[in-house]
Amino acid sequence: MIRFVVVISVYLLIFAYPPARLLYWIEPATTTSEPVLGIVFAAPALLYVMAQPKRFAWRRPVLRAVYFWLGTCFILLCAVLAGEIGRLLFPLNDATVGALTLVGATIAVALGVYRAKHLHVERVTVETNKVGTAVRVVQISDVHIGSRSTNFLERVVERVNALQPDVVMITGDLVDMHSTTADELRALEKLQAPAFFSVGNHEIYVGLEKICDIVAQYGITVLRGAAAQHGPLQIIGIDDSPSPHTVARELDGLHVDADRFSVLLYHRPDGLEDAADRGIDLMLCGHTHNGQIVPFNYAVKRQFPRIRGRYDHGSTTLYVSPGTGTWGPTLRLGSNSEITELVIQPRDG
C-alpha cells in the first residue's frame, strides 16, 4: 500500500500537476480543461501498459514517446515550480506567469533534444613512458540502443570512424531493451578499428549472453573478467557490479602487465583506488550520464562523486564518460552526449 501511494503521488506530481497548473494560469475558465487534463493524465500510463507485450509491433515507438513525455513533464514541473516562486516574488498576473513558464519549458525541451542528439567529441591526453608513439583511443559508453534507435548507432559509428582511432573501447550499456536484435546492432561491423567491450548493468538486465554473442558476432572482443593485448596496451574488462569490492577482487585474479600501458574497462566509476593499487594506468567508466537532466546530477553525484571527466590518483587516470546516448527520454540538460578521444602519448623527457 505504501509503495502504491508513493507511485501514485509521484505520477500525479509529474504528469498531472505541471500541465494542470500551467493550463489554469493560461486559461483558467475554459470548458476544455478537464478533458484535456484527463487525456494528459491517463495517456502515459495506458500507453506504457499497452506497450508491455514484447510482440506488440509499435512497442519501441510507444515506449520512446512515453519516456520523452516523462522527461518533458519533469522539465515542465521544474518550470512550473519556478513560476510559483516568481508569483511570490514579483507582481505578475497568472497569464504572464503561464506564458513565461510555457516559453521557458519549450526552450529547455528544445535544448534538451539538441543536446541529446548532438555528438560532442571530448579530447583527453594521457602521458606515459610505456608507449613509444601516440595511441588514439576512442571511448563510447551508454549508447542505450532501445531507448535510442539504430540510426543513432549508425551516426555514432560514423563519428567514431571519422576520428581514425587505433582502438575503440565500449564501456557498457550498449543496449537497454530485451527485444534488441542483431540487426539493430549491425552498424558495429562498420567500425574501422579493433574494438573491445565490457558489460554494463543494462546488459545484465536485458539478456547478457545474447548481447555478448551479438557483439562478438560483429568482430568486437568481449572482455568479461579477462585481459587482451593490443599493441603496447593491455586491455582488461570487468562486468559491472554494485559491489564496491569488484575491481579489487577481479584484478587480484588477473595479471596486470607492468610493462604495458594497462587500460581497465569497468562500467561504473567505482574502485579507482583499488585499480591504482594494482598498477592500472587508465580506467574508463560511464554509467552516471552526468545526471542527464539537471538537477539529477546533484543526486547522482552523491552516489558517484566522480561523476564526469578526468580524475587522477597517483599514476592512475580515471575518465568517466557522461554517456554517448541517453536512457529513457531523448533529452539532456546540463550534460553532453559524448564520444571521448583519448590520446595516450609518450611523456616528454
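In what follows, the structure referred to is the one given above.
A short tour of the structure in this document, coming up.

The rules behind these values
- Per chain, the residues get numbers from 1 upward, laid out in the order the sequence is written.
- Reporting in this predicted model follows two pLDDT cut-offs: at least 70 for local features of residues, and 80 or more for side-chain atom pairs to be given and counted; totals over whole chains, interfaces and linings ignore these cut-offs and use all residues.
- Hydrogens and water molecules were not included; the side-chain quantities draw on all heavy atoms of the structure.
- Grid points spaced at 1 Å over the protein atoms alone were grouped into cavities, where a 1.4 Å probe fits but cannot get out, and pockets, open sets with protein on both sides within 12 Å along at least five of seven lines, with lining residues defined by an atom within 4 Å of a point.
- Grid points are joined across faces, edges and corners, and a volume is the space filled by probe spheres set on the points.
- By definition, any uninterrupted DSSP run of H or I lasting at least four residues is a helix, any uninterrupted run of E lasting at least two residues is a strand, and each is numbered from the N terminus.
- All amino acids are sorted into three groups, where Ala, Val, Leu, Ile, Met, Phe, Trp, Tyr, Cys and Pro are nonpolar, Asp, Glu, Lys and Arg are charged, and the leftover types, Gly among them, are polar.
- Here a polar contact is taken to be a pair of N or O atoms separated by no more than 3.5 Å, where protein atoms must pair a possible hydrogen donor with a possible acceptor and residues adjacent in sequence count only if both atoms sit in side chains.
- Contact criterion: two residues are considered in contact whenever any of their non-hydrogen atoms come within 4.5 Å of each other.
- Orientation is described by lines fitted to C-alpha atoms, with helices fitted over the stretch in contact, and by angles between N-to-C directions that extend from 0 to 180 degrees.
- Put simply, angles under 35 degrees are roughly parallel, angles over 145 are roughly antiparallel, angles from 65 to 115 are roughly perpendicular, and the rest are oblique.
- Handedness of each helix crossing follows the sense of rotation of the near helix against the far helix: counterclockwise by less than a right angle gives left-handed, clockwise gives right-handed.

1. Focus on the layout of surface pockets
Here is step 1 of the chain: Volume-wise, the largest pocket comes out at about 900 Å³.
Here is step 2 of the chain: Where the lining of the largest pocket is concerned, the elements lending two or more residues are α3 (59–89), α6 (201–206) and α10 (296–303).
Here is step 3 of the chain: If you tally residues by element for the lining of the largest pocket, the top one is α3, at 6 residues.
Here is step 4 of the chain: Class assignment for the residues of the lining of the largest pocket results in 16 nonpolar, 14 polar and 4 charged.

2. Side note on the side chain of Ser 147
Here is step 1 of the chain: Topologically, Ser 147 is positioned in the loop between β2 (135–140) and α5 (150–162).
Here is step 2 of the chain: A distance of 2.6 Å separates polar atoms of two side chains, one belonging to Ser 147 and the other to Asp 176.
Here is step 3 of the chain: Beyond its immediate chain neighbours, meaning those up to four positions away, Ser 147 contacts Arg 64, Asp 176, Met 177, Thr 326, Trp 327, Gly 328 and Thr 330.

3. A word on the packing of helix α1 (residues 2–26) against helix α4 (residues 94–117)
Here is step 1 of the chain: One can describe the packing of α1 onto α4 by two numbers: an axis separation of 7 Å at closest approach and a directional angle of 130°. Judged on the interaxial angle alone, α4 and α1 are oblique. Like other packed secondary-structure pairs, α1 and α4 cross with a definite hand, here left-handed. Where α1 abuts α4, its residues Leu 22, Tyr 24, Trp 25 and Ile 26 lie against Asp 94, Ala 95, Val 97, Gly 98, Ala 99, Thr 101 and Leu 102.
Here is step 2 of the chain: Residues that form the contact of α1 with α4 fall into these classes: 8 nonpolar, 2 polar and 1 charged.

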